[in-house]
Amino acid sequence: MNSIQIPNQLRNQLFFSKCRIFLDEAIDFFHPYFYYEILFYNGKNGERPWENPETFIMKLMEEWKLVRHTLTELYTIRSKDVELHMKKGIALFFMLLFWSNKKPVLLKDWEEEIKGLQAKAVNLEERLSFVLSNPKMYHSFIQLSELIGEQYKQYAKALAITKMKA
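The shown structure was predicted, so the numbers you read here are calculated from the model rather than taken from an experiment.

Before going further, it helps to examine the nonpolar core. By size, the foremost hydrophobic cluster in this structure holds 53 residues, and its most contacted members are F15, F34 and F94. Contributions of two or more residues to this core are made by β2 (20-23), α1 (35-41), α2 (53-76), α3 (82-99), α5 (124-133) and α6 (138-165). With twelve residues, α3 is the largest single contributor of residues to this core. For F15, the residues in contact, after removing those within four places along its chain, are Y33, F34, K87, I90, A91, F94 and L107.

Next up, the structure:
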């Protein structure tokens, strides 16, 4: 197995407890989290979803529907297994947020980075900070769901405007 360093731009305890991860031969679209950015920030070749986000964002939204369904069931039965799925949902949101703004995900100092993004939800920093500080809470799931819905609308609006200008 090949190991690769988690770049400083993606260091975040929620997603990576170690500084290196092992890359399997069969990588799926969402594992490891931020796979494309890991390659990019390490200077490796690979796809860059933020450069042409349309296809990738559709896959991302399909994955979110599955994660949202699973989380709904887990919260309904008051399962303690929500954290793993919330972590995936939060990772999907970061990808949606940055890719819809045609940028690679940047987790380090994300609060500063989002200030320059054009397409973003209202009060994003406060709302996302709440989700990140309370990832197991049901209210965080509701907030995350709302953020993803709002971010997708912002993306679709920007995409429609771009297509009208073309």
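Alright, that's what it looks like, and here's the rest.
Aromatic ring pairs are reported here in terms of the distance separating the ring centres and the angle at which the planes meet. Under the criterion given, the structure shown has 17 aromatic pairs. Centre to centre, the rings of F94 and F98 are 6.5 Å apart; their planes meet at 20°, and the pair counts as stacked. Here F94 pairs with F98, and both are found in helix α3, just four residues apart, close to one helical turn. Arranged with centres 6.1 Å apart and planes meeting at 55°, the rings of Y138 and F141 form a pair that is tilted. With Y138 and F141 both in helix α6 and three residues apart, this pair spans about one turn of that helix. Under the relative-accessibility criterion, Y138 is labelled partly exposed at 44%. Members of the aromatic cluster, joined through ring pairs, are F15, F16, Y33, F34, F94, F98 and W110.

Another aspect to go through is the side chain of S140. Tracing the backbone shows S140 in helix α6. On the basis of relative accessibility, which here comes to 0%, the residue S140 falls in the buried class. Sequence-distant contacts of S140, that is, excluding residues within four places in its chain, are made with M86, F130, V131, N134 and P135.

For the pair α2 and α6, the least separation of the axes is 12 Å and the interaxial angle reads 160°. By the angle class used here, α2 and α6 are roughly antiparallel. Crossing angle aside, the handedness with which α2 passes α6 is left-handed. Within the contact between the two elements, α2 uses P53, E54, I57, M58, M61, W64, R68, L71, T72 and Y75 and α6 uses Y138, F141, L144, S145, I148, Y152, Y155, L159 and K163. When the residues that make up the contact of α2 with α6 are grouped by side-chain class, the tally is 14 nonpolar, two polar and three charged.

All told, the structure shown has seven salt bridges when counted by the stated rule. Salt-bridge contacts for E54 lead to K163; the nearest nitrogen and oxygen are separated by 3.4 Å. Pair noted here: E54 is in helix α2 and K163 is in helix α6, with a separation of 109 residues, a long-range link. In this structure, K136 and E83 form a salt bridge, with 3.8 Å as the shortest nitrogen-oxygen distance. Residue K136 is found in the loop between α5 and α6, and its partner E83 is found in helix α3; the two are separated by 53 residues along the sequence. A relative accessible area of 51% places K136 in the exposed class.

Now for the pairing of β2. Going residue by residue along β2, you find I21 and L23 tucked away on one face and R20 and F22 left uncovered on the opposite face. In the sheet, strand β1 (residues 2-5) pairs with β2 via four bridges, with the strands oriented antiparallel. Along β2, the bridge assignment pairs Q5 with R20.

Thresholds, definitions, all that
- Residues numbered from 1 in each chain as written.
- Predicted model: local features only at pLDDT ≥ 70, side-chain atom pairs only at ≥ 80, totals over all residues.
- Heavy atoms only, no water.
- Core = buried A, V, L, I, M, F, W, Y, C linked by side-chain atoms within 4.5 Å.
- Buried < 20%, exposed > 50% of the residue type's maximum accessible area, 1.4 Å probe, protein only.
- Helix = DSSP H or I, 4+ residues; strand = E, 2+ residues; numbered from the N terminus.
- Contact = heavy atoms within 4.5 Å.
- Phe/Tyr/Trp six-rings, centres within 6.5 Å; stacked < 30°, edge-to-face > 60°.
- Axes fitted to C-alpha atoms, helices over the stretch in contact; angles between N-to-C directions.
- Parallel < 35°, antiparallel > 145°, perpendicular 65-115°, else oblique.
- Left-handed = near helix turned anticlockwise from the far one by under 90°.
- Nonpolar A, V, L, I, M, F, W, Y, C, P; charged D, E, K, R; others polar.
- Salt bridge = Lys/Arg side-chain N within 4 Å of Asp/Glu carboxyl O.
- Pairing = 2+ DSSP bridges.

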